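Structural features, examined
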Amino acid sequence: MKIEIDEGSGFCFGVTTAIKKAEEELAGGNTLYCLGDIVHNGMEVERLHANGLITINHEEMRRLHDVKVLLRAHGEPPETYELAKQNNIEIIDATCPVVLALQRRIKRQYDTNPDAQIVIFGKRGHAEVLGLVGQTSSHAIVVEKVDDVKSLDFSRDIYLYSQTTKSLDGFHSVIEYIQEHMCEGAKFQSFDTICRQVANRMPNIATFASRHDLVLFVSGRKSSNGKVLFKECHSVNPNSYQIESADEIDMAWFTDNVHTVGICGATSTPKWLMEQCKERIEQG
């Protein structure tokens, strides 16, 4: 049986940078807190916890003073930075540069025209989206699907942005609906703010999945990017399974008809975890 690990899968630039910053601080013997899971992958979170990283939420951060707190790649709203200043907390900022640039664009747009509707195509409650909405004093409107767009006021100006990890197809569907319903005299502008390092994985992972008899998609189930990529995998190759760790591999999946196995993952999946899954199959 041939087993191939997808070279294009694994941590994106933003996640790699965040983990590197955490490892550097921990290697120096410093106590380091991380606001939220550093990455949507339980196995990687556990590995860093074993090295001393302490995950906290916003409420716990309010009670901390004179410590170091790492902000993960998703980014944070302005209030988090204000709280850090008040509590003399040193911020280790690992916000992804793509997310940071998007935050600044949205803030400039809001400051220029606060009466316009700033719309963000993204997942409600997602850390990145909360950071983006925070740039508008919480006035931005979040839409998850075309049905949500129906509640917009098409007689007022609309500026549309996207969470960096959303699908291009979904974003274009939202654009088309708004264009068709805008009233005369109202302005509509859309800004393609989807990260190409993430978006390009869709066609790549589809090609990879089509090459194999069986696909193991390794990803934390909390990962938005993982959900999108696994859906693509499964649509191309129905013999695809999503797993979080090697322990979830069922050897009964590997029937006599399975000659090639592809192992791939999300932007939050560490390479070592995919290697571990390959080893488990070889041992089995």
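Below or above, wherever it landed, is the structure these notes cover. Given the structure is predicted, the values throughout are model-derived calculations rather than measurements. (Residues numbered from 1 in each chain as written. Predicted model: local features only at pLDDT ≥ 70, side-chain atom pairs only at ≥ 80, totals over all residues. Heavy atoms only, no water.)

So, the overall build of the protein
Condition: Put simply, DSSP H or I for four residues or longer makes a helix, DSSP E for two residues or longer makes a strand, and each gets a number counted from the N terminus. The quantity called the radius of gyration is restricted to C-alpha atoms. Its globule counterpart is 2.2 Å times the number of residues to the power 0.38. Relative accessibility decides the category of a residue: with a 1.4 Å probe and only protein chains considered, values under 20% of the type maximum give buried, values over 50% give exposed, and everything between is partly exposed. In this description, contact between two residues means that some pair of their heavy atoms is separated by no more than 4.5 Å. Each accessible area is a Shrake-Rupley result for a 1.4 Å probe, and residues are judged covered by the shown protein chains and nothing else. Charged residues are defined here as Lys and Arg on the positive side and Asp and Glu on the negative side; His and the ends of the chain fall outside this count. To locate a charge, take atom NZ for lysine, CZ for arginine, CG for aspartate or CD for glutamate.
Helix and strand content of the protein: 12 helices and 12 strands. What you see for the protein is a C-alpha radius of gyration of 21 Å, in line with the 19 Å of a compact globule of 284 residues. Projected onto the principal axes, the alpha-carbon positions of the protein cover approximately 65 × 50 × 25 Å. Burial statistics for the protein: of 284 residues in total, 51% are counted as buried. Considering only contacts in the protein between residues 6 or more positions apart, those separated by 24 or more positions represent 71%. When the accessible surface of the protein is summed, it comes to about 13600 Å², and 48% of that surface belongs to carbon and sulfur atoms. The protein carries 30 positive and 40 negative side-chain charges, and their two centres are separated by 3 Å.

A look at a negative patch on the surface
Put simply, the test is: Patch membership needs two things, relative accessible area over 30% and no salt bridge, and members are linked within 9 Å if like-charged or within 5 Å if nonpolar (Val, Leu, Ile, Met, Phe, Trp, Tyr). Criterion for a salt bridge: a side-chain nitrogen of Lys or Arg within 4 Å of a carboxyl oxygen of Asp or Glu.
Taken together, the side chains of Glu 7, Glu 275, Glu 279 and Glu 282 make up a negatively charged region of the molecular surface. Relative to the elements of secondary structure, Glu 282 occurs in helix α12 (residues 271-283).

Overview of the packing of helix α10 (residues 201-210) against helix α11 (residues 224-236)
Inclusion rule: Angles run from 0 to 180 degrees between N-to-C directions of axes, and those axes are lines fitted to C-alpha atoms, restricted for helices to the stretch in contact. Note on convention: near helix rotated counterclockwise from far helix by under a right angle means a left-handed crossing. Clockwise means right-handed. In this classification, the charged set is Asp, Glu, Lys and Arg, the nonpolar set is Ala, Val, Leu, Ile, Met, Phe, Trp, Tyr, Cys and Pro, and all remaining amino acids, among them Gly, are polar.
Put simply, α10 and α11 touch, their axes get as near as 9 Å, and they point 40° apart. Here α10 and α11 pass one another in a crossing that is right-handed. Contacts between α10 and α11 involve Arg 201, Met 202, Ile 205, Ala 206, Ala 209 and Ser 210 from the former and Val 228, Leu 229, Glu 232, Cys 233 and Val 236 from the latter. Here the residues of the contact of α10 with α11 are counted per class, giving 8 nonpolar, 1 polar and 2 charged.

Some details on the nonpolar core
Our working definition: Throughout this description, the term nonpolar core refers to a set of buried Ala, Val, Leu, Ile, Met, Phe, Trp, Tyr and Cys residues connected via side-chain atoms within 4.5 Å.
Among the nonpolar cores identified, the biggest contains 18 residues, and Val 149, Phe 154, Ile 158, Leu 160 and Ile 178 are the most heavily contacted of them. Broken down by secondary-structure element, the contributors of at least two residues to this core are β6 (117-121), β8 (158-162) and α8 (168-181). No other element matches α8, which puts 5 residues into this core. Judged by nonpolar contacts, the second largest core, of 17 residues, contains Leu 216, Val 218, Ile 263 and Leu 273.

Some points on the packing of aromatic side chains
What counts, and what does not: Pairing of aromatic side chains here covers Phe, Tyr and the six-membered ring of Trp, requires ring centres within 6.5 Å, and sorts the geometry by plane angle: under 30 degrees stacked, over 60 edge-to-face, intermediate tilted.
What the rule picks out here adds up to 5 aromatic pairs. Both rings, one in Tyr 161 and one in Phe 191, keep their centres 4.7 Å apart while their planes meet at 15°; by these two values the pair is stacked. Pair noted here: Tyr 161 is in strand β8 and Phe 191 is in the loop between β9 (188-190) and α9 (196-199), with a separation of 30 residues, a long-range link. Ring centres of Phe 217 and Phe 230 lie 5.8 Å apart, and the angle between their planes is 45°; this geometry places the pair in the tilted category.

Considerations on the packing of helix α1 (residues 13-27) against helix α2 (residues 42-50)
Relative orientation and spacing of two packed helices are given, respectively, by the angle between their axes and the distance between those axes. This is how the line gets drawn: For classification purposes, angles smaller than 35 degrees are called roughly parallel, those larger than 145 roughly antiparallel, those between 65 and 115 roughly perpendicular, and all remaining angles oblique.
Between α1 and α2, whose axes approach to 11 Å, the crossing angle comes to 20°. For the element pair α1 / α2, the angle class is roughly parallel. Where α1 crosses over α2, the two elements pack in a sense that is left-handed. Where α1 abuts α2, its residues Ile 19, Glu 23 and Leu 26 lie against Glu 44, Arg 47 and Leu 48.

Points about α10
Rules: Think of it as the arc spanned by the lines of direction from the helix axis to the C-beta atoms.
Taken as a whole, α10 has its buried residues at Arg 201, Ile 205, Ala 206, Phe 208 and Ala 209. All buried residues of α10 lie within an arc of 165° about the axis, which places them on one face of the element. Across from the buried face of α10, at angles greater than 90 degrees, the exposed residues are Asn 204 and Ser 210. In this structure, the buried side of α10 is in contact with β1 (2-5), α9, β10 (214-218), α11 and β12 (260-265).

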